[in-house]
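Structure assessment
Each chain, letter by letter, is given below.
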Amino acid sequence: MSSSLRVTALANLLLCVWLTLVTVPATAGQFPCPASDGVFANCKGANLEWVPAGLPLSVEVLDLSYNRLRAIRRADFAHLSRLRDLRLQYNNISHIEGGSFLFNALLEHLNIFNNSLRAIPHKALQPLVKLRSLDMSNNLYAQATLDDVFSAFTSLESLSLGGPLVQNLSRGDFRALQKTRLVKFAIKAGTSLVHYEPGTLVGIQTREMWLDIALDDRPEILPNILRDFAGSSFACLRFRNLFEFKYYTGTEDIFLGLRAIKTNKLVFYRGKFNENLLRMALLNIQGSPIKGLELVAVDFARSPSFVDNGTGSSVTDLSLDELVLSDISNPDILRFDWRFTWFSKVRNLTIRNVNFNFVPCDAWDELRNVEVMTIANNRLRDNFLYNQRCTYKDSMPSLRTFDASANELTSLSTLTALMGEWRQLRVLDLSYNKLGSLEESCTWRQNITKMILHHNTFDRSVLDCLPTTLEYLDLSYSSLDQLDMTYFQKATSLRVLLLSDNKIKFIPSGWSSPSLWSLVVDGNSFGLINTGSFHNMPSLALLRAGNNPYHCTCDLHHFFQETLARGTVNITDWPDDYICYHPEPLRMTSVDRFSPGRLACDVRLVVAISVVITAIVVLVIVLLCYAFDVPWYAKATYQILRARYRARQEGDLLGRDFAYHAFVSYSHSDAEWVRDQLLLRLESCEPPYRVCIHERDFMPGRWIIDNIIENIENSRKVIFVLSHHFVNSEWCNYELYFAQQRAIGKTFQDVILVVKEAIDPDSLPSKYCRLKKMLSTKTYLEWPEETQRRAFFWAQLCSVLGKPTLRV
């Protein structure tokens, strides 16, 4: 290295170090380029006139496009040593200083498209030996000659250069690329090109050759260019604006060189074509190795001077794997050859956005070899596509895929008549049409396996008009509100079903589709799914069901928990698109955060707990009943009601006079004391007391309970002879209970307690709660053991009974 070069390199290095040290990052409020993770700095469209200072050292991708930059200086990117992708397109850059990329050796992608460069910046580009793509076309330099510096760009894959002011393309302009294998090479010259030297493009090795060269005034240049390509092999040869402002009216066959070019695809993008030029191109293509032809956005016009005499002028041997006619405003391009013979050997035919609305009968006869046909985004209607005056027998024998999307078709049943003879048809795309309710039945004679019908307006009857051989069905955006389950039982091969963004209100629990593998039902109107919703879909592996107004219930929770845990079904949009809409407290809650708890949702657990609690409650009630003798009270109450019922049936009348002064209740074990002491004393008075005892006064043949109740009611007083035997006597218990009931007209003042044996009130059973109360609050008579005290006892008893009368 010479001393001068060493000095220059050292100076540049010192400059970079100094700029790195003095560059102060701008504050967050002033910095116009937000950096994503410090790697991508987006300064696009920020109205910048200078490269902003303060860019992070870690930046690898810098977008400065659509600004007002005028020049690139040495210091602008000196500190960005990691920079790999720099975008400077759509600025007003007229100058790039040498050394501007000296410290950006890692740069792989540089875009300076559409600027104001007056010359190719060879000196500035020299350090970029790792460049993979460089776009510097549409600038203002007049010469496109590449310096030897480009021979060092061995990694270069894509190169675009030239501009509207390039006047000359000469041999040697691209000599530096002879050893570089490109993927894409693009050269722009526009209508400014005055001179093209034969051999200019010889030796360029690229898979794609793009030529943006307008030959309005120099059509003779095209044969020279094509001769340079003779023997070359391209994946794609693309001409843009071949004739930009004028139609070619010459007679020279300027496409003659196409026959010697080995290219898979030939593209004419934009530019003016008349039928003479088009026929000239097609006649040369049919004798070339070209297998694909695209005419995109060309301006087509009929040639007033062209006369088709019908002899030898038709294109009859255009053997193409693919022919594309796209975005052409004039549909006459389809009829420049009124016999349509140029379609006869095409396998894949695309006629997209050409505004045609009528298919002549002759055309179907020339489509015998078409396997894939696309006539999308046109203006076809049912009667324009299917003309009943045409004969469709044996038409389209090779057609496998038919795309008629984005037209004005309205009747699916009419289309089945058109396709009745297309026996090889497997894929049918009728999306973006106006198909609706069916008026006629549909008959499918072929085994269609894929049908795309999204963006139409259907109701459930559409399923009656679909072939049952389908494996793929797309009914998205079709306003469906319900489904006919009968179809899915017949379509036993269906594997993919798309129903996005309809109005389906519920998922039927009996939905059976044994072969279904992928189901898409997002964006509908149903809010409930459960574990049984897809139970009859054993092959289901993919499910998308988000963006529905879900009602967050236990069934919904169980479905997602079980489905996710089992892992056999992949819910592709989980959990972001699943939101609760009901109930109100859970609105806008993510379904994956809805967790109602095991007790709220596990029915078996709830049933088990309910059974246990019920059993405990019943057991407690039984124990309480036992402790408080509830059964005994219930039985006694039942006996009262029963006796009252029998009394009413027998015509007993209430309110009669008392028949006895006292009713004596006693235990059988105390009967001797009652007879020998109590009765003897009371019935020997003058006048005597009338006393009722069960042994003597109960009416034979009547129910004991009835006798007890009736005699208690017919007695003014009730005497209870209390003893240990009384407490243990069932009948005495009844007599005591009946005597306590207000319902039979007795009060505590009419009850006389005679304690024959000492009884501790606390030792009495709980059912004697009232007896306990009377013993603790009411004065009772106690039978004395001492004989001398008994006279006082009888006096007290007679006082309580009152004076005996003849009529009680």
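Residues numbered from 1 in each chain as written. Predicted model: local features only at pLDDT ≥ 70, side-chain atom pairs only at ≥ 80, totals over all residues. Heavy atoms only, no water.

1. Some thoughts on a nonpolar patch on the surface
Side chains of Ile609, Ile613, Val617 and Ile621 sit close together on the surface and give an oily, nonpolar patch of about 320 Å² of accessible area. Among the secondary structure elements, valine 617 is positioned in helix 11 (residues 603-627). (Patch = residues over 30% accessible without salt bridge, like charges linked within 9 Å, V, L, I, M, F, W, Y side chains within 5 Å. Areas by Shrake-Rupley, 256 points an atom, 1.4 Å probe, with all protein chains shown as cover. Salt bridge = Lys/Arg side-chain N within 4 Å of Asp/Glu carboxyl O. Helix = DSSP H or I, 4+ residues; strand = E, 2+ residues; numbered from the N terminus.)

2. Notes on the sheet that holds strand 34 (residues 715-722)
Taking strand neighbours across the sheet as the criterion, the five strands line up as 33-32-34-35-36 in an open arrangement whose pairing is parallel. Of all strands in the sheet, those bounded by a partner on one side alone are strand 33 (691-692) and strand 36 (781-782). Bridge analysis of strand 35 (residues 751-755) against strand 36 gives two bridges, and the strand direction is parallel. Within strand 36, the position partnered with valine 754 by the bridge is leucine 781. Here helix 13 (residues 671-683) sits on the sheet and contacts strand 32 (660-665), strand 33, strand 34 and strand 35; the angle it forms with strand 34, its principal contact strand, is near 145 degrees. Where helix 15 (residues 704-713) meets the sheet, it contacts strand 32, strand 33 and strand 34, and its direction lies at approximately 120 degrees from that of strand 34. (Pairing = 2+ DSSP bridges. Contact = heavy atoms within 4.5 Å. Axes fitted to C-alpha atoms, helices over the stretch in contact; angles between N-to-C directions.)

3. Observations regarding helix 13
With 13 residues, helix 13 extends only 16 Å from end C-alpha to end C-alpha; this falls clearly short of the ideal 18 Å at 1.5 Å per step. Buried residues of helix 13: Ala671, Trp673, Val674, Leu678, Leu679 and Leu682, and no others. On its buried side, helix 13 packs onto strand 32, strand 33, helix 14 (694-697), strand 34, strand 35 and helix 19 (790-801). (Expected span 1.5 Å × (residues − 1). Buried < 20%, exposed > 50% of the residue type's maximum accessible area, 1.4 Å probe, protein only.)

4. Description of the state of the cysteines
Going through the model one piece at a time under the given rule, you end up with four disulfides. The partner cysteine of cysteine 361 in its disulfide is cysteine 390, sulfur to sulfur 1.7 Å. Its torsion about the S-S bond being -75 degrees, the disulfide of cysteine 361 and cysteine 390 is classed as left-handed. Of this pair, cysteine 361 sits in helix 5 (residues 361-365) while cysteine 390 is found in the loop between helix 6 (382-385) and strand 22 (401-403), placing the two residues 29 residues apart along the sequence. Classification of cysteine 390 by relative accessible area gives buried; the value is 9%. (Disulfide = S-S within 2.5 Å.)

5. Side note on unusual backbone geometry
For the bond running from histidine 582 to proline 583, omega is -5 degrees, close enough to zero to count as cis. In this structure, proline 687 follows glutamate 686 across a cis peptide bond, with omega equal to -10 degrees. By secondary structure assignment, the location of proline 687 is in the loop between helix 13 and strand 33. Positive phi values are uncommon outside glycine, yet tyrosine 477 reaches one of about 50 degrees. Topologically, tyrosine 477 is positioned in the loop between strand 25 (472-474) and helix 8 (485-490). Looking at tyrosine 477, the relative accessible area reads 39%, which means it is partly exposed.

6. As for the confidence of the model for the protein chain
Averaged over the protein chain, the pLDDT score is 84; the fraction of residues at 70 or greater is 84%. For the stretch residues 650-655, pLDDT sits under 50, and the model shows four contacts to residues farther than four places along the chain or on other chains. (pLDDT = per-residue confidence, 0-100.)

7. Some details on the pairing of strand 34
Counting buried positions along strand 34 gives seven out of eight residues, so the element sits mostly inside the fold. Pairing of strand 32 with strand 34 involves five bridges; the strand directions are parallel. Each residue of the ladder has a partner; that of tyrosine 660, found in strand 34, is serine 715. Here strand 34 runs beside strand 35; their pairing, made up of five bridges, is parallel. Paired with isoleucine 719 across the two strands is isoleucine 752, which belongs to strand 35.

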